[in-house]
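# Descriptive structure summary
Read off the chains here:
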Amino acid sequence: MKIVELIDWFEAWANPSWQESWDNSGWQIEPGVLQEDAKVLICLTPTLAVMKEVISLRKQGIGVNLIFAHHPLIFNPLKSLRSDDGCIGEMAQLAFVHKVGIYTAHTNFDQVQDGTADVLAQILELQEVTPIVPTQLGLGYGRVGNLISPTTLQQLLGVIQNRLCPPNLIFSPHADFQQKISKVAVLGGSGASFIEAVAKSGAQAYLTSDCKFHQFQESRDRGLILIDAGHYATERPSCDRLAQKFDSLNLSWVKLSQKDEDFRQFFQITTPV
């Protein structure tokens, strides 16, 4: 399958026109690779580490020619491009020198079946799932559904920790770890702006990321347990699912990046100070 055919297939599933007005889904850099056989490295964020991974693979004889990412490389209008800026300029230079395209699917991918929210719902095995905020064609942002059977808050937190492996799991204060939870909402990435909609959905707990101090307060006041598992942990699983989907298309080569990064680290004291 040529790159142009792969992108056509993807856009028929997750139309870029569905993205938010502030977003920048679609081609970030297209250095003349559309007619090449697609050899794709999938990542959450297109960073220099991922680009160097591509270059390393090419030196090994694997001609990767497309980085397919969830997060855009370019969000804001550029005023300049410099090869020494350590970010977009250097990425652009390497992309053109090595003929590696960079394509992004962001808020359009968030809405679709098997997108960021849908995969989270599947990981928690939610049933009777619907979007938190519907958009079009029965799709939308986030998912809310019922657990297979009611479970305690403590058990739910344990499931999230075991299945997503976040480096840090934060939740709003709640007195009773033994409270029974039956309805849960999920949204990969920064989902705190949906707290009001989640509260109206009847969900008892909401799994998302990037929540601020007072958003935990807001959730508590609304009777909603807010659970922050981090941006990387809540969105990276959908990249893995995308790699599986691409693999089913019998591409020449497709893999999930091993250099994708969680940009946060947490200090843990292992010995007495």
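Our subject in this report is the structure included herewith. None of these values were measured; they are calculated from a predicted model. (Residues numbered from 1 in each chain as written. Predicted model: local features only at pLDDT ≥ 70, side-chain atom pairs only at ≥ 80, totals over all residues. Heavy atoms only, no water.)

### What to know about the sheet that holds strand E8 (residues 143-152)
Spelled out, the test is: Any two strands are treated as partners once DSSP identifies two or more bridges connecting them. Segments assigned H or I by DSSP are reported as helices when at least four residues long, segments assigned E as strands when at least two residues long, and all are numbered from the N terminus. When checking whether two residues touch, look at their non-hydrogen atoms; a contact exists if any pair is within 4.5 Å. Convention adopted: a line fitted to C-alpha atoms gives each axis, helices being fitted over their contacting stretch, and angles between N-to-C directions are expressed from 0 to 180 degrees.
Ordered in space as E5-E8-E10-E11-E12-E9, the six strands form an open sheet in which the pairing is mixed. Where the open sheet ends on each side, the last strands, each with one partner, are strand E5 (127-130) and strand E9 (170-171). As defined by bridge partners, strand E11 (residues 205-209) adjoins strand E12 (residues 225-228) across four bridges and the pair is classed as parallel. From the neighbouring strand, Ala205 faces E12, where its bridge partner is Ile225. Set on the sheet, helix H5 (residues 116-123) makes contact with E5, E8, strand E10 (180-190) and E11; between it and E10 the angle comes to about 150 degrees. Helix H6 (residues 153-164) rests against E8, E9, E10, E11 and E12 of the sheet, and its axis sits at about 120 degrees to E8.

### Here we look at the sheet that holds strand E4 (residues 101-104)
Spatially, five strands are ordered E1-E4-E3-E2-E13 in an open sheet, and the strand pairing comes out mixed. With one partner strand each, in any of the chains shown, strand E1 (26-29) and strand E13 (253-256) form the two edges of the open sheet. Sheet twist, expressed as the average angle between the axes of neighbouring strands with direction ignored, equals 25 degrees. As judged from the four bridges shared by strand E2 (residues 39-43) and strand E3 (residues 66-69), these two strands associate in the parallel manner. Bridge pairing in E3 places Leu41 opposite Ile67. Where helix H1 (residues 3-13) meets the sheet, its contacts fall on E1, E2, E3 and E4, and the angle it forms with E3 comes to roughly 10 degrees. Here helix H9 (residues 231-248) sits on the sheet and contacts E2, E3 and E13; the angle it forms with E13, its principal contact strand, is near 165 degrees.

### Structural notes on the pairing of E11
To keep it simple, the criterion reads: When a residue's accessible area, from a 1.4 Å probe over protein chains only, is under 20% of the maximum for its type it is buried; when over 50% it is exposed; and in between it is partly exposed. Think of it like this: strands point away, you trace from the first strand over the helix to the second, and a clockwise trace means the crossover is right-handed.
Burial runs high along E11: five of the five residues are buried. Burial of E11 is two-sided: the residues Ala205, Leu207 and Ser209 facing one way and the residues Tyr206 and Thr208 facing the other way are all buried. Inspection of the sheet shows E10 paired to E11 by four bridges, in the parallel sense. By the bridge assignment for E11, Ser190 is matched with Ser209. Regarding topology, helix H7 (residues 195-201) serves as the crossover connection from E10 to the parallel E11, and that connection is right-handed.

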